[in-house]
Structure formats: structure tokens, C-alpha cells
Amino acid sequence: MGEQAQDVREQVRERCAAAAVRASTRAAASCCGGGCSGEVPDLAGGWYDEAERSSLPEEAVLASLGCGNPLAVAELREGETVLDLGSGGGIDVLLSARRVGPAGKVYGLDMTEEMLALAQANADKAGATNVDFLKGHIEAIPLPADRVDVIISNCVINLSVDKPAVFAEMFRVLKPGGRLGISDVVAEDQLTAAERAERGEYTACIAGALSFAEYRAGLAEAGFTGIEITPTHEAAENMHSAIVRATKPHEAVASRALPLVTNSTSGECCG
């Protein structure tokens, strides 16, 4: 990793650590920038209904930094194993744990000690016994191959320093027939890297976003099929929060990293 990428990863880590501290004192965090930089609107509003929010520890809701609700499209089933990339304060992990039930399992992956501690505390408050929180980076997921049925993520992949590595790692840890249900920020194809950067800083989830075409190409190169990218609402001019779906084929072959120029950043926090 280059020096610039390391610097950006540290910026993301610091931002997420600060969000965890705010949430632990019951002050709201904001995606993906909004309350942090003041330069980008809150992208997450309205995506979790009141019943979902009220059933969780308040700190889990306040720590959410996402841009959507991946569970709205993940279609989780009893007994499934789920991985949440950039699990933050644990909101999507806890909601997933209820849907997969006692026979299921949910892993939350985050790089930030403060978020991991907050998430575990939230899981303890919620009485969730079928969850595990892992420290690590989404470019090198600390799980064996063919382990999970579903991968979810909320406004995190756009922050990665190496998106082809993320796509390859998602493909690796999914079981054959496994699927993605991801919320992310995606740019319209005509925007240049410079134009994306003009719309928001890296830690505001904008500048590091792939275009629709880049996202599809990256997932396809990793081996995914059935790729769908559906914009849900505008995050900035010609930049959209979107739902990303894809499937690992039952007859899957080893994935290949895609040599994309991704104008990307670093990080795995903090949905």
C-alpha cells in the first residue's frame, strides 16, 4: 500500500473511531460525511423503519454510517451465515442475527477497535449470541474460503484502497451459490475521477466511488454473475446511493483481481 493510501486509511479509521465515541455517548453519527465534514448530505436517512430502529440498542443506531439498508434486498433466511463488511456499531449484524435465527451465524468485520468494542457491547445488550465481530480489512477477509452464504455491506466498499481485492475476497469467502446484498455509493459513468473528487472528500464516501460500469466490470472479473446495480437516491450531483446484487455461481472458478484504476481510498468502516 502506498503512503497516500495509508494516509487515507488512517483518516477513515480516525473518523470511524470518533463516530464510535460519539455513539457511545449517545450523540448521532452521520453518513458518509454529513455530520463529520458538513460537506455531504446524510445519505442514510429513512432506510431503517421505526420498528427496526426501536428494537435495537440506541448506540447501534446512532453509530450507523451507512447509505442505505442492505437487509432490504439481502433476503436472509433461517440458518444462513452472513458477513457484514465494515460492520461499525453493529446495526446490520444485529438485524441479520434475528433473521437468520439461532441456527444461523453473522460475522461483522471492521478495522476500528472503538467500533468493534461498541458493536460487541451492543450485541451483549441485545442478547445476540449468534454473532462474532472480527478485526481486519475488507481487502483481506479473515475467514476461510466458502464460509458464508450472504455478504452485506453499507457504504463501505467505496472507501477501499483496493476494490479489485475486495471483490476477489468476497468471491473467495462466499459459498458457491452465495450472494451479495450491498448498499454503496456509485458514480454515473460520465464522471471523471476529478469530478467525483469535487463532489466530496474520500472519507465522505464520494470521491472513492466507482462508476456503474467499473462496478459491474469489477464484480464480473472476480467471477460474479447476475450483477444488478440499482440507484436508490442521489447522494450528490450524478452520484447515487445504490443497491448492488450479485451471485457466486454454483460452479465457481477462482476469481481474478481486476486491474482497475479506481480513484479509490481505503477502509472498511463503518456501516
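Cut-offs applied
- Residues numbered from 1 in each chain as written.
- Predicted model: local features only at pLDDT ≥ 70, side-chain atom pairs only at ≥ 80, totals over all residues.
- Heavy atoms only, no water.
- pLDDT = per-residue confidence, 0-100.
- Helix = DSSP H or I, 4+ residues; strand = E, 2+ residues; numbered from the N terminus.
- Contact = heavy atoms within 4.5 Å.
- Buried < 20%, exposed > 50% of the residue type's maximum accessible area, 1.4 Å probe, protein only.
- Lys, Arg positive; Asp, Glu negative; His and termini not counted.
- Salt bridge = Lys/Arg side-chain N within 4 Å of Asp/Glu carboxyl O.
- Polar contact = N/O pair within 3.5 Å; in protein donor to acceptor, adjacent residues only side chain to side chain.
- Pairing = 2+ DSSP bridges.
- Axes fitted to C-alpha atoms, helices over the stretch in contact; angles between N-to-C directions.
- Phe/Tyr/Trp six-rings, centres within 6.5 Å; stacked < 30°, edge-to-face > 60°.
- Right-handed = clockwise from strand over helix to strand, strands pointing away.
- Core = buried A, V, L, I, M, F, W, Y, C linked by side-chain atoms within 4.5 Å.

Chemist: Go over the confidence of the model for the chain with me, naming the residues and quoting the values.
Modeler: Here the chain averages 77 in pLDDT, and 65% of its residues register 70 or above. The spread of mean pLDDT over the elements of the chain runs between helix 2 (residues 34–37), the lowest at 34, and helix 10 (residues 212–222), the highest at 98. When the criterion is pLDDT under 50, residues 25–46 qualifies, and its contacts beyond four places in sequence or with other chains add up to 61 contacts. Across residues 255–267, where pLDDT falls below 50, the model places 57 contacts with residues more than four positions away in sequence or in other chains.

Chemist: Explain the side chain of Asp-184 to me, using residue names and the numbers behind them.
Modeler: Assignment of secondary structure puts Asp-184 in strand 5 (residues 174–187). Among buried Asp, Glu, Lys and Arg side chains, Asp-184 stands out as unpaired, with Lys-163 the closest opposite charge at 7.4 Å. A distance of 2.2 Å separates the side chain of Asp-184 from the side chain of Asn-158, its partner in a polar contact.

Chemist: Before we move on, could you go through the pattern of salt bridges and cite the residues and values that matter?
Modeler: A full pass over the atoms with the stated rule returns nine salt bridges. Here Arg-77 and Glu-80 are joined by a salt bridge, their closest N and O atoms 3.4 Å apart. Taking relative accessible area as the criterion, Glu-80 reaches 8% and is therefore assigned buried. Notably, a salt bridge pairs Glu-80 with Arg-179, separated by 2.9 Å at the nearest N-O pair. Of the two residues, Glu-80 is situated in the loop between helix 5 (71–74) and strand 1 (81–85) and Arg-179 in strand 5; the sequence distance between them amounts to 99 residues. Like Arg-179, Glu-80 is buried.

Chemist: So what's going on with helix 6 (residues 91–100)? Which residues, and what values?
Modeler: With respect to burial, helix 6 is a largely interior element, eight of its ten residues being buried. Among the residues of helix 6, Ile-91, Asp-92, Val-93, Leu-94, Leu-95, Ser-96, Ala-97 and Val-100 are the ones counted as buried. In the stretch just after helix 6, Gly-101 is the one whose phi turns positive, near 75°.

Chemist: How would you summarise the sheet that holds strand 7 (residues 239–247) if you had to cite specific residues and measurements?
Modeler: Sheet strands pair by backbone hydrogen bonding; their relative direction is either parallel or antiparallel. An order of 3-2-1-4-5-7-6 is seen for the seven strands of this open sheet, with the pairing classed as mixed. Strands at the two margins of the open sheet, each flanked by one partner only, are strand 3 (131–135) and strand 6 (225–236). Pairs of neighbouring strands in the sheet enclose a mean axial angle of 15°, with direction left out of account. The pairing of strand 2 (residues 105–110) with strand 3 spans five bridges and is classified as parallel.

Chemist: Just give me the short version of the packing of aromatic side chains, but keep the residues and values in it.
Modeler: A complete count under the given rule lists two aromatic pairs for this structure. Measuring from centroid to centroid gives 5.5 Å for Phe-167 and Tyr-215, while their planes differ by 45°, and the two rings are tilted. Here Phe-167 is found in helix 8 (residues 163–173), whereas its partner Tyr-215 is found in helix 10, with 48 residues between them in sequence. Each member of the pair Phe-167 and Tyr-215 is classed as buried. Measuring from centroid to centroid gives 5.2 Å for Phe-171 and Phe-224, while their planes differ by 90°, and the two rings are edge-to-face. Of this pair, Phe-171 sits in helix 8 while Phe-224 sits in the loop between helix 10 and strand 6; the two residues are 53 residues apart in sequence, bridging distant segments of the chain. You can call Phe-171 buried: its relative accessible area is 3%.

Chemist: Break down the pairing of strand 1 for me, with residues and values.
Modeler: Within strand 1, five of the five residues are buried, which leaves it mostly tucked inside the rest of the structure. Of the two faces of strand 1, the one carrying Thr-81, Leu-83 and Leu-85 and the one carrying Val-82 and Asp-84 are both buried. In this sheet, strand 2 lies alongside strand 1 in parallel orientation, the contact comprising five bridges. Paired with Leu-83 across the two strands is Tyr-107, which belongs to strand 2. Between the parallel elements strand 1 and strand 2, the chain passes through helix 6 in a crossover that is right-handed. One ladder, built from four bridges, connects strand 1 with strand 4 (residues 148–154); its direction is parallel. Bridged to Leu-85 within strand 4 is Ser-153.

Chemist: Can you break down the nonpolar core residue by residue, with the values?
Modeler: Core analysis: the largest hydrophobic core is formed by 31 residues, its most contacted members being Leu-83, Ile-151, Met-170, Leu-180, Tyr-215, Leu-219 and Phe-224. Breaking this core down by element, the ones donating at least two residues are strand 1, strand 2, strand 4, helix 8, strand 5, helix 10 and strand 7. Residue contacts for Ile-151: discarding those within four places in its chain leaves Leu-83, Leu-85, Met-170, Val-173, Leu-174, Arg-179, Leu-180, Gly-181 and Ile-182. Listed in part, the 19 residues of the second largest apolar core include Ala-74, Ile-91, Ala-119 and Phe-133.

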